[in-house]
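Fold and contact review
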Amino acid sequence: MRQVLGVVITLILLATDSVLAADTEMLMRRANRFFSPLPDAMPGSKNDTPERIALGKKLFFEKRLSVNDSQSCASCHKLEDGFAGVDNLATSPGARGEQGTRNSPTVLNAGWQHSQFWDGRAEDLVEQAKGPILNPVEMGMPDERAVEKKIQGIAEYRDAFARAFPGEEPAITYQNIAQAIAAFERTLITPARFDDFLNGDADALSETCLLYTSPSPRDQRPNLVFRHLLEKMGGGG
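1. Overview of the pattern of salt bridges
- Scanning all chains against the criterion turns up nine salt bridges.
- Residue K150 pairs with D69 through a salt bridge whose shortest N-O separation is 2.6 Å. You can see K150 sitting in helix α5 (residues 144–152) and its partner D69 sitting in the loop between α2 (50–60) and α3 (73–76), a full 81 residues away along the chain.
- Taking the relative accessible area as the measure of exposure, K150 reaches 25% and is therefore partly exposed.
- What emerges from the salt-bridge pattern is a single network uniting K58, E62, R64 and E156.

2. So, the nonpolar core
- Counting 32 residues, the largest nonpolar core has L55, L59, L65, F161 and I177 as its most contacted members.
- Elements represented by at least two residues in this core include exactly α2, α3, α4 (125–134), α5, α6 (155–164) and α7 (174–185).
- Tallying contributions element by element places α7 first for this core, with seven residues.
- Counting residues in hydrophobic clusters, the runner-up holds 10 residues, among them L27, A31, F35 and F194.

3. Quick notes on the packing of α2 against α6
- Interaxial distance between α2 and α6 falls to 8 Å at its minimum, and their mutual angle equals 145°. Relative to α6, α2 is oriented so that their crossing is left-handed. Seen from α2, the contacting residues are E51, R52, L55, K58 and L59; seen from α6, they are E156, Y157, A160, F161, R163 and A164.
- Looking at the contact of α2 with α6 residue by residue, the classes come out as six nonpolar, no polar and five charged.

4. A word on the environment of K150
- Through-space distance from the C-alpha of K150 to that of V67 is 9.9 Å; in sequence the pair is 83 residues apart.
- If we ignore the near neighbours within four places in the chain, the residues touching K150 are R64, S66, V67, D69 and M141.

5. Examining unusual backbone geometry
- The peptide bond linking E169 to P170 adopts the cis configuration, its omega dihedral lying at 0°.
- Relative to the assigned elements, P170 resides in the loop between α6 and α7.
- One non-glycine residue with positive phi stands out, namely N88, at about 60°.
- Although it is not a glycine, N109 adopts a positive phi angle of roughly 60°.
- When its relative accessible area of 19% is taken as the criterion, N109 is described as buried.

6. Quick word on the packing of α4 against α7
- In the contact formed by α4 and α7, the axes pass within 8 Å of each other and the chain directions differ by 115°. Note that α4 runs across α7; the crossing there is right-handed. Residues L125, V126, Q128, A129, K130, I133 and L134 of α4 form the contact with α7, whose own contacting residues are Y174, Q175, I177, A178, Q179, I181, A182 and E185.
- The residue makeup of the contact of α4 with α7, split by class, is 10 nonpolar, three polar and two charged.

7. What about the confidence of the model for the protein chain?
- When pLDDT is averaged along the protein chain, the result is 83, and 79% of the positions lie at 70 or above.
- Under a pLDDT of 50 for its full length, residues 230–237 has, in the predicted model, seven contacts with residues more than four places off or in other chains.

Conventions we followed
- Residues numbered from 1 in each chain as written.
- Predicted model: local features only at pLDDT ≥ 70, side-chain atom pairs only at ≥ 80, totals over all residues.
- Heavy atoms only, no water.
- Salt bridge = Lys/Arg side-chain N within 4 Å of Asp/Glu carboxyl O.
- Helix = DSSP H or I, 4+ residues; strand = E, 2+ residues; numbered from the N terminus.
- Buried < 20%, exposed > 50% of the residue type's maximum accessible area, 1.4 Å probe, protein only.
- Core = buried A, V, L, I, M, F, W, Y, C linked by side-chain atoms within 4.5 Å.
- Axes fitted to C-alpha atoms, helices over the stretch in contact; angles between N-to-C directions.
- Left-handed = near helix turned anticlockwise from the far one by under 90°.
- Contact = heavy atoms within 4.5 Å.
- Nonpolar A, V, L, I, M, F, W, Y, C, P; charged D, E, K, R; others polar.
- pLDDT = per-residue confidence, 0-100.

Structure (structure tokens):
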């Protein structure tokens, strides 16, 4: 009797696994109809050499890009301690302590956005990087030439720009400062388990995430995670 019971339990478990696998595959196909996993690279990254990215990272954290050496890009777009590219403030303070009028949008995955800033006034990351440095409330530098002159006076940057922009003379220009910062920001990609799931990893999401909201054949709604994403986009019913 115990042997028979053991066989029955084994068959039930195998059948359950088969059903769960089928449900997972169906959900994966459904998810890929609406979503795509994050690509490996952002638009505009074809010329992002390791030297340019390293320079951009240094500039992203460089407080000497501000009028009084107190403010960097990272001051408002924090990347450490789980801040996720923002400062979590209602409005962000600038180099002179003045408060801006808006909060800081995240820089994570920002290169995939169709435009930059809350009002969309910048076309891409390069144009966005130029704005805060000259903004009188944010980093407060008076003009592009003042920024170039300040960075040209730092020996380590003369070498770094020569490596990042070989053959360009001068290499330290306001355009190249923005290009380098953008190159670094294009590395701020944050793929998640849902991306792994979209790429075919059936084990990327936990059983809880894969739990259906209703087992009824008449109510084939997506699972909790997928339903949540659909609702965020205004769909899903």
